[in-house]
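Chain by chain, the residues:
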Amino acid sequence: MKLLIALLVLVLVVIVVKAMFFSFRAQSPADYAETTPAFSLKTHLSGPILSEGLIYGPGGRVTSRFTAKMHGIWDGDTGTLSEEFTYSTGRKQSRKWYLTLGPGDTFTATADDIVGEAKGVVSGATLRMEYEIILPQEAGGHTLKVTDWLYLTQNGVIMNRSELRKFGIKVAELMATMRPDPGR
């Protein structure tokens with residue numbers, strides 16, 4: 001019995017170590033400090049933006065697809081990013097982020113479906129933001145912890161990868177592109 005408990009503890013330690021040092025959550029803004037082109041909230045989240053993405057469920061399969069028309073407006077160090085999502089089911093969703101630049105490369109953001117304040121940092125060609133989101137009732141109404149990473153590519157396209165967790169367990173992942181929308 002002691003051997004079984006020791007083996008179980010060892011497996012749990014390996015899982016925790018992997019999650020902390022060898023996974024999506026292990027990356028930090030410092031890892032990208034020297035990358036280019038430099039991500040600028042005011043530049044890259046301004047004007048009309050088209051986003052297309054996929055949401056993966058806990059089993060790794062695509063559970064939803066979406067397009068979003070976004071529009072960013074800045075006035076000094078405060079900005080608004082409006083998002084109009086259309087999901088593959090036909091469901092529509094709107095969100096409006098209120099962004100405030102902080103000291104250094106930090107920023108904060110709020111939205112109606114966000115608990116409290118999202119905290120973010122820009123580093124090199126990346127942006128990381130962490131927050132809690134309340135899902136719509138048709139999606140279960142759960143509150144999930146989200147880590148968003150946005151990676152700016154050389155041609156100005158932003159690749160977005162997000163993990164959504166409940167009780168520390170990944171329950172969904174989002175992958176999306178964001179690019180200036182010349183059609184608007």
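Our structure's up above, just so we're on the same page.
Structural notes, computed from the coordinates. (Residues numbered from 1 in each chain as written. Predicted model: local features only at pLDDT ≥ 70, side-chain atom pairs only at ≥ 80, totals over all residues. Heavy atoms only, no water.)

1. Things to note about the pattern of salt bridges
This is how the line gets drawn: One side-chain nitrogen of Lys or Arg within 4 Å of one carboxyl oxygen of Asp or Glu is enough to make a salt bridge. By the criteria applied, helices consist of DSSP H or I runs no shorter than four residues and strands consist of E runs no shorter than two, each listed in order from the N terminus. With a 1.4 Å probe rolled over the protein chains alone, any residue whose accessible area is under 20% of its type maximum counts as buried; one over 50% counts as exposed, and the rest are partly exposed.
Per the counting criterion, the structure on display carries 12 salt bridges. Among the salt bridges present, the one from K42 reaches D77, with a minimum N-O distance of 3.3 Å. Of the two residues, K42 sits in helix α2 (residues 41–44) while D77 sits in the loop between β2 (62–75) and β3 (78–87), which places them 35 residues apart along the sequence. On the accessibility criterion, K42 (35% relative accessible area) is partly exposed. With relative accessibility at 44%, the residue D77 sits in the partly exposed group. We note a salt bridge from E83 to R95, for which the minimum N-O separation is 3.2 Å. With E83 in strand β3 and R95 in strand β4 (residues 92–101), the pair connects residues that are 12 residues apart, well separated along the chain.

2. Observations concerning the pairing of strand β7 (residues 126–134)
The criterion, for reference: The pairing criterion is simple: DSSP has to find at least two bridges between the two strands.
One ladder, built from seven bridges, connects strand β6 (residues 114–123) with β7; its direction is antiparallel. The residue bridging V122 from the neighbouring strand is L127, located in β7. Between the antiparallel neighbours β6 and β7 lie two residues, among them G124 with a positive phi of about 60°. Inspection of the sheet shows β7 paired to strand β8 (residues 143–152) by nine bridges, in the antiparallel sense.

3. Here's the deal with the layout of surface pockets
Rules: Cavities and pockets were defined on a 1 Å grid built over protein atoms only: a cavity is a set of grid points that admits a 1.4 Å probe from which the probe cannot escape, a pocket is an open set flanked by protein on both sides within 12 Å along at least five of seven lines, and lining residues are those with an atom within 4 Å of any such point. Grid points are joined across faces, edges and corners, and a volume is the space filled by probe spheres set on the points. Under the scheme applied, nonpolar residues are Ala, Val, Leu, Ile, Met, Phe, Trp, Tyr, Cys and Pro; charged residues are Asp, Glu, Lys and Arg; polar residues are all the others, including Gly.
The computed volume of the largest pocket comes to approximately 980 Å³. What lines the largest pocket is a set of 45 residues, and nearest its centre among them are I55, Y87, R95, L164 and L174. Elements with a minimum of two residues in the lining of the largest pocket: β1 (47–56), β2, β3, β4, β7, β8, β9 (158–166) and β10 (169–180). In terms of residue class, the lining of the largest pocket is built from 29 nonpolar, nine polar and seven charged. Looking at the second largest pocket, its volume works out to about 230 Å³. Every residue lining the second largest pocket is counted, 14 residues in all, and those nearest its centre are R25, E130, K145, T147 and R165. At the level of secondary structure, the elements contributing two or more residues to the lining of the second largest pocket comprise β7, β8 and β9. The dominant element in the lining of the second largest pocket, judged by the number of residues it contributes, is β8, at four residues.

Scope: geometric values only; no functional claims are made or implied.
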